[in-house]
Amino acid sequence: MIRTTRWSPDSCGCSMEYTWDDAVPDNARIHTFKAAPVICPAHQAIATPLACYNAVLGENVLKNRVFDTARAALNVPIPTQADWVSASIGVITPAMESFRRFERAVRFSYDAQRILHVSLVGFGLDLTPPQKPALQAAIDTAHGAGKALVD
Ligand SMILES: [Zn+2]
């Protein structure tokens, strides 16, 4: 059965609809653009709803990838299945504690030129002077220079 999902990314104010087939396994599933019910001010100059969807999707994917690049650069572990199971019964492992602090400290925003800005604020994770250029270099290497800036 073809299903429609409405998606509101955390990287802008747009709201998009795409369709997918629930008969296709998760790892082979394809999302097909359907409509752009809400186009935020940052994306209103884009010529077509499909181009807008692709821009919004690209920005959200970049944000998620930069999240992981920053996590890895700062040696924050990825919680294992055992860490998640443990957390579900209220026992927070050191890896989960570290990951959660990172999630709370990392901030993302897109500027008017749609360049991603990333910073870490609080939770003991404010970037030190040597960490900032190191993280910027890791992001530039992984995603290309000028796509995301460490503030
Ligand atoms: Zn938008």
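Keep in mind that what you see is a predicted model, and the values were worked out from it rather than measured. (Residues numbered from 1 in each chain as written. Predicted model: local features only at pLDDT ≥ 70, side-chain atom pairs only at ≥ 80, totals over all residues.)

Mind showing me how you'd approach the sheet that holds strand β2 (residues 15-21) here?
Strand pairing in a sheet relies on backbone hydrogen bonds. The paired strands run either parallel or antiparallel. Read from one edge to the other, the open sheet built from 3 strands follows the order β1-β2-β3, with strand pairing classed as antiparallel. For this open sheet the edge positions go to β1 (2-7) and β3 (32-38), each flanked by a neighbour on one side alone. With direction set aside, neighbouring strand axes in the sheet form an average angle of 25°. As paired strands, β1 and β2 are joined by 6 bridges and run antiparallel to one another. Of the residues in β2, the one forming a bridge with R3 is W20. Along the sheet, helix α1 (residues 49-73) makes contact with β2 and β3, crossing β3 at roughly 95°. (Pairing = 2+ DSSP bridges. Helix = DSSP H or I, 4+ residues; strand = E, 2+ residues; numbered from the N terminus. Axes fitted to C-alpha atoms, helices over the stretch in contact; angles between N-to-C directions. Contact = placed C-beta atoms within 7 Å.)

Looking at this structure, I do not really get the sheet that holds strand β5 (residues 116-120). What am I missing?
Here we have 3 strands laid out as an open sheet, ordered β4-β5-β6, and mixed in their pairing. For this open sheet the edge positions go to β4 (106-110) and β6 (148-150), each flanked by a neighbour on one side alone. Recorded for the sheet is a direction-independent mean angle of 25° between the axes of neighbouring strands. Of the pairings in the sheet, the one linking β5 to β6 comprises 3 bridges and is parallel in character. By the bridge assignment, H117 is partnered in β6 with L149.

What is the right way to look at the nonpolar core in this model?
Generally speaking, nonpolar side chains in soluble globular proteins are found buried as a group. L62, V66, A70, V106, L116, V118, L120, L127, L135, I139, A148 and V150 together form the largest nonpolar core, which totals 12 residues. Those elements that place two or more of their residues in this core are α1, β5, α4 (131-143) and β6. What I139 contacts, discounting residues up to four positions off in sequence, is V66, T69, A148 and V150. C12, C14, M16 and V56 belong to the second largest nonpolar core, which has 6 residues in total. (Core = buried A, V, L, I, M, F, W, Y, C linked by C-beta atoms within 7 Å. Buried ≥ 20, exposed ≤ 12 C-beta atoms within 10 Å, placed from the backbone.)

When you look at unusual backbone geometry in this model, what are you seeing that I'm missing?
Backbone phi values are negative for most residues with the exception of glycine, while trans is the configuration of most peptide bonds. Positive phi, normally seen in glycine, also occurs at N75, with a value near 60°. Note on placement: N75 falls in the loop between α1 and α2 (81-88). A count of 8 C-beta atoms within 10 Å places N75 in the exposed class. Despite not being glycine, F123 shows a phi value in the positive range, around 55°. Topologically, F123 is positioned in the loop between β5 and α4.

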